[in-house]
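Observations on the three-dimensional arrangement
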Amino acid sequence: MQNISCNLCGRSDAKLLFTAKDINYKTTDETFSVVQCGACGFVYINPQPEQSELTAFYPDTYRPYRDKTTIAYRAPESPSKYILDIGSGPGSFLAELHEKDPSIALFGVDFDKRAVETGRLRGFPIFHGSLLEARYAAAFFDEAHMSHLLEHVLSPLETLQETARILKPGGKLIITIPNFASFSRMLFGKYWYHLDAPRHLYHFTPRTLGTMLEKAGFKNISFGFIPSPKYFLQSYAFWKYGGKRKFSKLTWHFLTLPAKAASFLKLSSTMKVIAEK
């Protein structure tokens, strides 16, 4: 474990918000401190696991690594554009993109060896390691995607800066990420589903993510808020039962309208962000 300063502003005067355990996958009995920077308000785990410790917190049952895609990818001879999926796992999203448009040249990067090996068997050029280690050429990609990735990396600011470097001028970055300013997080606190300690090292609000994107060199940043009862229900299950639960279709249907209201009020548990290089 290592003590860190705020990745957004560099200060070291964070205050404790609460402590959390790995309720989701129960990979450890350790307790983790979730703190908030006193200067800029950024929220993160401190102290954090070091790079060598992270793999132990991603079991074989980790949901993003479960995939049944059977597609075989072949790089196009004359690509219409170049797209990178950062945190690509076994290539599920890359497979979706390939099915929609085979003319796109697709690339991935992921730190999990098991997921990378699966993706490579399907033909996808997936780099094993971090984006910083991949060292792609400058201004190479037309588009980059991060789906539930940025909260996992040890240095999100550096990761965004590197993404800006490898995107072409006018290139797009599309991020899907939990919203720490959501109604579910405010209601359930340390039982919020997306807290996901210790895998989620950082927690973003529209303000802190917007500030970090601008600092990394992005502009024309837009935020969308995804309406879904899922994370409210699973947060309730964590609070009430100490683990995941299945809920009836009637319950989901009943909460659909409140989920839409949360989206309108920018209080959904998940944000979709688009930024331009």
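Above this note sits the structure.
Residues numbered from 1 in each chain as written. Predicted model: local features only at pLDDT ≥ 70, side-chain atom pairs only at ≥ 80, totals over all residues. Heavy atoms only, no water.

Thoughts on helix H2 (residues 92-100)
Counted only if it meets this: Accessibility here uses a 1.4 Å probe with only protein chains present; expressed as a share of the type maximum, an area under 20% marks a residue as buried, one over 50% as exposed, and anything in between as partly exposed. Secondary structure elements follow DSSP: runs of H or I of four or more residues count as helices, runs of E of two or more count as strands, with numbering from the N terminus. Taking the helix axis as origin, the arc is that swept by the directions to the C-beta atoms. Residue contacts follow a heavy-atom distance rule, with two residues in contact if any of their heavy atoms lie within 4.5 Å.
If you check which residues of H2 are buried, you get Leu94, Ala95, Leu97 and His98. The buried side chains of H2 occupy one side of the element, clustering within an arc of 160° when seen end-on. Away from its buried face by more than 90 degrees, H2 exposes Glu99 and Lys100. Where H2 is buried, its residues meet strand S4 (81-86), strand S5 (104-110) and strand S6 (126-128).

Structural notes on a nonpolar patch on the surface
This is how the line gets drawn: A patch consists of residues whose relative accessible area exceeds 30% and which take part in no salt bridge; residues with like charges are grouped when within 9 Å of each other, and nonpolar side chains (Val, Leu, Ile, Met, Phe, Trp, Tyr) when within 5 Å. Note that accessible areas follow from Shrake-Rupley with a 1.4 Å probe, and for residues the cover is restricted to the protein chains shown. By convention in these notes, a salt bridge is any Lys or Arg side-chain nitrogen within 4 Å of a carboxyl oxygen on Asp or Glu.
Where nonpolar side chains cluster on the molecular surface, the patch consists of Phe183, Met186 and Leu187 and spans about 300 Å² of accessible area. Residue placement: phenylalanine 183 occurs in helix H6 (residues 183-188). Judged by relative accessible area, phenylalanine 183 falls into the partly exposed class, the value being 42%.

A few points about the sheet that holds strand S8 (residues 167-178)
For the record, the criterion: Only when DSSP finds a minimum of two bridges between them are two strands counted as paired. Axis definition: a line fit to C-alpha positions, over the contact stretch in the case of helices; interaxial angles, taken between N-to-C directions, run 0 to 180 degrees.
What the seven strands build is an open sheet, ordered S6-S5-S4-S7-S8-S11-S10; its pairing is mixed. Only two strands of the sheet have a single neighbouring strand rather than two, namely S6 and strand S10 (219-226). The mean angle between the axes of side-by-side strands here comes to 15°, regardless of whether they run parallel or antiparallel. Bridging between S4 and strand S7 (residues 141-147) involves three bridges; their strand directions are parallel. Its bridge partner lying in S7, aspartate 85 is registered against histidine 145. Sheet strands touched by helix H5 (residues 156-166): S4, S7 and S8. Its angle to S8, the strand with the most contacts, is close to 145°.

Overview of the packing of H5 against helix H7 (residues 206-216)
Spelled out, the test is: Throughout, the term roughly parallel applies to angles under 35 degrees, roughly antiparallel to angles over 145, roughly perpendicular to angles from 65 to 115, and oblique to all others. By convention, the crossing between two helices is left-handed when the near helix turns anticlockwise from the far helix through less than a right angle, and right-handed when the turn is clockwise. Gly falls in the polar group here, along with every residue not listed as nonpolar (Ala, Val, Leu, Ile, Met, Phe, Trp, Tyr, Cys, Pro) or charged (Asp, Glu, Lys, Arg).
H7 packs onto H5 with a crossing angle of 50° between their chain directions and a minimal axis gap of 8 Å. As far as their axial angle goes, H7 and H5 are oblique. In terms of crossing hand, the pair formed by H5 and H7 is right-handed. Facing Pro156, Leu157, Leu160, Gln161 and Ala164 of H5, the residues of H7 in contact are Met212, Leu213, Lys215 and Ala216. Grouping the amino acids of the contact of H5 with H7 by side-chain chemistry returns seven nonpolar, one polar and one charged.

Focus: the pairing of S8
For a regular strand, the rule is simple: side chains alternate between the two faces of the sheet. Applied cut-off: Orient the strands so they point away from the viewer; a crossover is then right-handed if the path from the first strand over the helix to the second runs clockwise.
As judged from the six bridges shared by S7 and S8, these two strands associate in the parallel manner. Of the residues in S8, the one forming a bridge with phenylalanine 141 is leucine 167. For the handedness criterion, the β-α-β arrangement of S7, H5 and S8 is classed as right-handed. For S8 and strand S11 (residues 270-276), the ladder comprises seven bridges, and the chain directions are antiparallel. Bridge pairing links proline 178 to threonine 270 in S11.

Some points on the pattern of salt bridges
Oppositely charged side chains can form a pair if their charged atoms are brought close together. One pass over the full model with this rule turns up eight salt bridges. Measuring nitrogen to oxygen at the nearest pair gives 3.6 Å for the salt bridge that ties glutamate 143 to lysine 81. Here lysine 81 lies in strand S4 and glutamate 143 lies in strand S7, a separation of 62 residues in the sequence. Residue glutamate 143 is classed as buried on the basis of its relative accessible area, which comes to 17%. Here arginine 114 makes a salt bridge to aspartate 112, at a shortest N to O gap of 2.5 Å. The buried category is assigned to aspartate 112, whose relative accessible area is 2%. One continuous salt-bridge network, built from bridges that share partners, spans Asp22, Asp196 and Arg199.

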